[in-house]
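# Structure at a glance
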Amino acid sequence: NIDGAKVKYRVVRTARFPYWNYWWRGGYPSSPSMEIINGTTLTNEKGELEIKFNATPDKNIPRKFLPVFNYSVSVDVTDINGETRSSQKTISAGYTALYLNVQMPEKIQKIEKNSFNIITVNHNGEKEPAKGTITIYKLKQPEKTFRQRLWTIPDKYVLSRDEFYKLFPLDLYDDEDNKYKWEKEEQLLTIDFDTQKDSILDATVFKNWNDGQYLLEIKAKDAFGETVENKHYFCLYSPKSKTIPEQTVNWFTILNNKGEPGEKASFII
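The structure contained in this document is the topic of the report that follows. (Residues numbered from 1 in each chain as written. Predicted model: local features only at pLDDT ≥ 70, side-chain atom pairs only at ≥ 80, totals over all residues. Heavy atoms only, no water.)

On to the side chain of Lys138, then. By secondary structure assignment, the location of Lys138 is in strand 8 (residues 131-139). Buried charge without a salt bridge: Lys138, with Glu185 as the nearest opposite-charge side chain at an N-O distance of 4.4 Å. Apart from the residues within four sequence positions on either side, Lys138 is in contact with Glu183, Lys184, Glu185, Glu186, Leu188, Asn210, Asp211, Gln213 and Tyr214. (Helix = DSSP H or I, 4+ residues; strand = E, 2+ residues; numbered from the N terminus. Buried < 20%, exposed > 50% of the residue type's maximum accessible area, 1.4 Å probe, protein only. Lys, Arg positive; Asp, Glu negative; His and termini not counted. Salt bridge = Lys/Arg side-chain N within 4 Å of Asp/Glu carboxyl O. Contact = heavy atoms within 4.5 Å.)

Turning our attention to a nonpolar patch on the surface. On the surface, Phe252, Ile254, Phe267 and Ile269 cluster together into a nonpolar patch covering about 460 Å² of accessible area. Of note, Ile269 is situated in the segment after strand 14 (266-268). Since its relative accessible area comes to 77%, Ile269 is described here as exposed. (Patch = residues over 30% accessible without salt bridge, like charges linked within 9 Å, V, L, I, M, F, W, Y side chains within 5 Å. Areas by Shrake-Rupley, 256 points an atom, 1.4 Å probe, with all protein chains shown as cover.)

The strand order across the open sheet built from 3 strands is 5-7-10, with neighbouring strands paired in antiparallel fashion. Each end of this open sheet is capped by a strand with a single partner; those strands are strand 5 (99-103) and strand 10 (200-202). Ignoring which end each strand starts from, the neighbouring axes of this sheet average 25° apart. (Pairing = 2+ DSSP bridges. Axes fitted to C-alpha atoms, helices over the stretch in contact; angles between N-to-C directions.)

Let us now look at empty space enclosed by the protein. Tallied over the entire structure, the rule returns 1 cavity of 30 Å³ or more. Of the voids in this model, the largest cavity is the one considered here, and its volume is about 30 Å³. Taken together, Arg147, Gln148, Arg149, Leu150, Trp151, Asp171 and Leu172 make up the lining of the largest cavity. For the lining of the largest cavity, the per-class residue count stands at 3 nonpolar, 1 polar and 3 charged. (1 Å grid on protein atoms, 1.4 Å probe; cavity = no way out; pocket = protein on both sides within 12 Å on 5 of 7 lines; lining within 4 Å. Points joined across faces, edges and corners; volume = space filled by probe spheres on them. Nonpolar A, V, L, I, M, F, W, Y, C, P; charged D, E, K, R; others polar.)

All chains considered together, the criterion is met by 10 salt bridges. A salt bridge links Glu226 to Arg63; the shortest N-O distance between them is 3.5 Å. Linking Glu226 in the loop between strand 11 (212-221) and strand 12 (227-237) with Arg63 in the loop between strand 2 (34-42) and strand 3 (68-78), this pair joins segments that are 163 residues apart in sequence. For Glu226, a relative accessible area of 33% gives the class partly exposed. Given the relative accessible area of 44%, Arg63 is considered partly exposed. One salt bridge connects Glu112 with Lys207, and the closest N-O pair in it is separated by 3.1 Å. One end of the pair, Glu112, is in the loop between strand 6 (107-109) and strand 7 (115-121); the other, Lys207, is in the loop between strand 10 and strand 11, with 95 residues separating them in the sequence. Classification of Glu112 by relative accessible area gives exposed; the value is 57%.

In this section: the packing of aromatic side chains. One pass over the structure, following the stated rule, counts 15 aromatic pairs. Pairing Tyr180 with Tyr233 gives two aromatic rings, centres 4.6 Å apart and planes at 70°, and the pair type is edge-to-face. Residue Tyr180 is located in the loop between helix 2 (161-167) and strand 9 (184-194), and its partner Tyr233 is located in strand 12; the two are separated by 53 residues in the primary sequence. Here the two residues Tyr180 and Tyr233 agree in accessibility, since each one is buried. Ring centres of Phe252 and Phe267 lie 5.3 Å apart, and the angle between their planes is 35°; on these two criteria the pair is classed as tilted. Separated by 15 residues along the polypeptide, Phe252 in the loop between strand 12 and strand 13 (253-256) and Phe267 in strand 14 bring together distant segments of the chain. Phe252 sits in the partly exposed class, given a relative accessible area of 40%. Here the aromatic residues Phe146, Tyr157, Phe164, Tyr165, Phe168 and Tyr173 are joined through ring pairs into a cluster of three or more. The side chain of Lys107 reaches across the aromatic face of Trp251, ending 4.7 Å from its centre. Its end group placed over the ring of Tyr137, Lys184 keeps NZ or CZ at 4.1 Å from the ring centre. (Phe/Tyr/Trp six-rings, centres within 6.5 Å; stacked < 30°, edge-to-face > 60°. Lys NZ or Arg CZ within 6 Å of the ring centre and 35° of its normal.)

Of all hydrophobic cores here, the largest spans 23 residues; its most connected members are Ile134, Ile136, Phe206 and Leu216. At the level of elements, strand 5, strand 7, strand 8, strand 9, strand 11 and strand 12 are the ones that each hand at least two residues to this core. Beyond its immediate sequence surroundings of up to four residues, Phe206 is in contact with Met104, Ile108, Lys110, Phe116, Ile136, Phe234 and Leu236. Counting 10 residues, the second-largest nonpolar core is a separate cluster that includes Phe17, Phe69, Tyr71 and Val75. (Core = buried A, V, L, I, M, F, W, Y, C linked by side-chain atoms within 4.5 Å.)

Now for the pairing of strand 11. The buried count for strand 11 comes to 8 of 10 residues, which makes it a mostly enclosed element. The pairing of strand 8 with strand 11 spans 7 bridges and is classified as antiparallel. Bridge pairing links Thr135 to Glu217 in strand 11. Here strand 11 runs beside strand 12; their pairing, made up of 10 bridges, is antiparallel. Its bridge partner being in strand 12, Leu216 is matched across the sheet by His232.

Below is the structure:
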């Protein structure tokens, strides 16, 4: 433990956002990195140091975008011999004190038994028990497939949707292939959870559902009574099915990409 060592420190703020919020709202606001504080101090007799700073948010970002601000604390410590060591730690804070998620892939095979972990932690990854609900909806897909967009979405439309489809039957008129904007067709499941008692989502019921695109919404309240939510979009499929589960030109998923020498990898296309 080195006491009396000179310490230079710096705190820089950046922001991150939920991925589903980006697609739903059509983009994130800009939040450039910003230095919150810098200065110098000395280590105490235990070789420790204390840095205090206000976790100031970016007031230009509305709360509706659910920003989480990362405060990167960098330190350079120089001892009496002039030797310098550096270290860095990131501390996260948001308008809510809870992060929710269900740990599941984007493509899920229908099998006899399926289960996924329910994650409830604070913004620094520490466990935070929570009670809430999980709801799953089947999404309404487009009635046909589209080829990849050849130009950007226009800001003004000269043709109606029907007129456009008559002239360009293979092309996107607006944002039809964006699953984050598809309508909810049917609510299939609603359950309560309490991660203090159990943090597993039993998804055995998936085996009885039709192939297709689904939306899982998880909601709870943090320790301060603020409502927190997250969304997860996933595709349900069966290797035995004769049709693909999505309205897309090409569909691909890996069934097995690991094995010992002589074993086979397998995939569906």
